[in-house]
Amino acid sequence: MKSAWRTARIDKLGKVVTGKTPPTVRVDYFDGPYPFITPSDLGFDDRHIKTERTLSEVGCDYQRSLLLPEGTVCFVCIGATIGKTCLTDKASFTNQQINSIVVQERDHDRAFIYYLLRTKEKEVRSIAAGAATPIVNKSSFSAVEVKVPDLETQRRIASILSTYDDLIENNTHRIKILEEMAKLIYREWFVEFNAPGVKLHKATAEEKKVTGKDAFPESWEAKELGEFLELAYGKGLKADTRREGRVPVYGSGGIVGHHDEALVKGPGIVVGRKGNVGSVFWSETDFFPIDTVFYVRSNVSLFYCYYCLKNQTFINTDAAVPGLSRESALRKKALLPNQSALARFETIVRPMFRELALLNNANRNLRSTRDLLLPKLVSGEVEV
């Protein structure tokens, strides 16, 4: 029962550790087996994470007292990233912007403490000091009070929530495999020229300029992007006029919300125009591209266009406000395979994209259900 829950400070849940960045001039401290976690590695939704940097055995020896064991709860305590949380899946280190809890396991379950801390973002943010960059120091973080039930109840709650995250992580693994398979097929066929039935001839100067190779597939062409696709402007959609629905709204950083009305029938491609210049996204469903992006129109396979665009390097044309010139983008040179190769490629990757859409939709539903249950379970509002 909720009345059996007790109040405890965070530092009574385990040992609180503030991370540290080793001297970056010591290159021998980096590139090894120990993940080095920074706020940019974490999201607000991922239980386990991959890091951009790692520490070596030498780096580990330099700050061994800060080594975090598997199952440590990491909590970001700086700026707009306050509240990002993860659970280490191997021995790791963090930088100084993260406070971690090495959970005392006699009375506490590591996964439960992770889920509990996920609900404390607003509370921890409210005690941050510093006008320019809010920071929560170790002592303030340690003093935050939480409510915890007995160990068996903690384990039951963690088991329920972990089931959702296990499914999400399994789906995410499958998504990555499918994405990599489709990308490898594109590369094998349209970069290495190992598509079925391809015959090569000596490349002309124009063909070599596009591919950088001395040989070029017969009946394929070197074109400008604008010769086989169009970049159409998205449409402004102010937040206060957006009506919540199931249609994804795309900005240059990806999905930025949902609307009840589509502007473009899916599947389709979105290209970042302002902000995240040259970003490329695929939408399997109808979607609404806002005015910071282009969307693609083409009579050529959109599946091919998607990878073709992702393999382009688009240059920002405005130093002050990042922007992509449509005219310069469409003048970029690209390879246009013959219709037979495009049709075969689409036949192979279309089912992959459909499976990707199903898996991504499943993950959205799993996250939605988990996030609905999480605060109710870890607060005792719902008994287990």
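Preceding this section is the structure that the text describes.
Worth saying up front: this structure is predicted, and the values here are computed from it rather than measured.

S.K.: Go over the pattern of salt bridges with me, naming the residues and quoting the values.
M.R.: Counting across every chain of the model gives 29 salt bridges. Across the salt bridge formed by Arg 26 and Asp 28, the nearest N and O atoms sit 2.8 Å from each other. For Arg 106, the salt bridge identified is with Asp 107, shortest N-O distance 3.3 Å. The class of Arg 106 is exposed, set by a relative accessible area of 64%. Among the charged side chains, a network of salt bridges with common partners joins Asp 45, Arg 118, Asp 165, Arg 367, Arg 370 and Asp 371.

S.K.: Explain the packing of aromatic side chains to me, and be specific about the residues and the numbers.
M.R.: Going through the model one piece at a time under the given rule, you end up with 27 aromatic pairs. Ring centres 5.9 Å apart and planes at 85 degrees place the aromatic pair Tyr 250 and Phe 287 in the edge-to-face group. Here Tyr 250 is found in strand β14 (residues 247-251), whereas its partner Phe 287 is found in the loop between β17 (280-283) and β18 (288-289), with 37 residues between them in sequence. Residue Phe 287 is classed as buried on the basis of its relative accessible area, which comes to 0%. With 6.2 Å between their ring centres and 80 degrees between their planes, Tyr 307 and Phe 345 make a pair best called edge-to-face. Residue Tyr 307 is found in helix α7 (residues 302-310), and its partner Phe 345 is found in helix α9 (residues 339-378); the two are separated by 38 residues along the sequence. On the accessibility criterion, Phe 345 (0% relative accessible area) is buried. It is Lys 213 that lies over the ring of Phe 193; its NZ or CZ is 5.0 Å from the centre. One cation-aromatic arrangement involves Arg 273 over Phe 294; the distance from NZ or CZ to the ring centre is 5.9 Å.

S.K.: Please set out the sheet that holds strand β3 (residues 30-37) residue by residue, giving values where relevant.
M.R.: The strand order across the open sheet formed by three strands is β4-β3-β7, and the pairing between neighbours is mixed. The open sheet is flanked by β4 (53-55) and β7 (93-94), the only strands paired with a single partner. Pairing of β3 with β7, which is carried by two bridges, proceeds in the parallel orientation. Bridge pairing links Ile 37 to Thr 94 in β7.

Definitions and cut-offs
- Residue numbering note: each chain is counted from 1, following its sequence as written.
- pLDDT decides what is reported in this predicted model: residues at 70 or higher carry local features, side-chain atom pairs at 80 or more are listed and counted, and totals for whole chains, interfaces and linings draw on all residues regardless.
- To obtain the side-chain values, all non-hydrogen atoms of the structure were included, while hydrogens and water were left out.
- Within this document, salt bridges are pairs made up of a side-chain nitrogen of Lys or Arg and a carboxyl oxygen of Asp or Glu, the two lying within 4 Å of each other.
- When accessible area is computed with a 1.4 Å probe and restricted to protein chains, residues below 20% of their type maximum are described as buried, those above 50% as exposed, and intermediate ones as partly exposed.
- Pairs were defined over the aromatic rings of Phe, Tyr and Trp, the Trp ring being its six-membered one, requiring ring centres within 6.5 Å. Orientation was assigned from the angle between planes: stacked under 30 degrees, edge-to-face over 60, tilted for the rest.
- What counts as a helix is a DSSP run of H or I of at least four residues, what counts as a strand is a run of E of at least two, and both are numbered from the N terminus.
- Placement of a charge over a ring requires the Lys NZ or Arg CZ to be within 6 Å of the ring centre, with the centre-to-atom vector within 35 degrees of the ring normal.
- Two strands are counted as paired when DSSP detects at least two bridges linking them.

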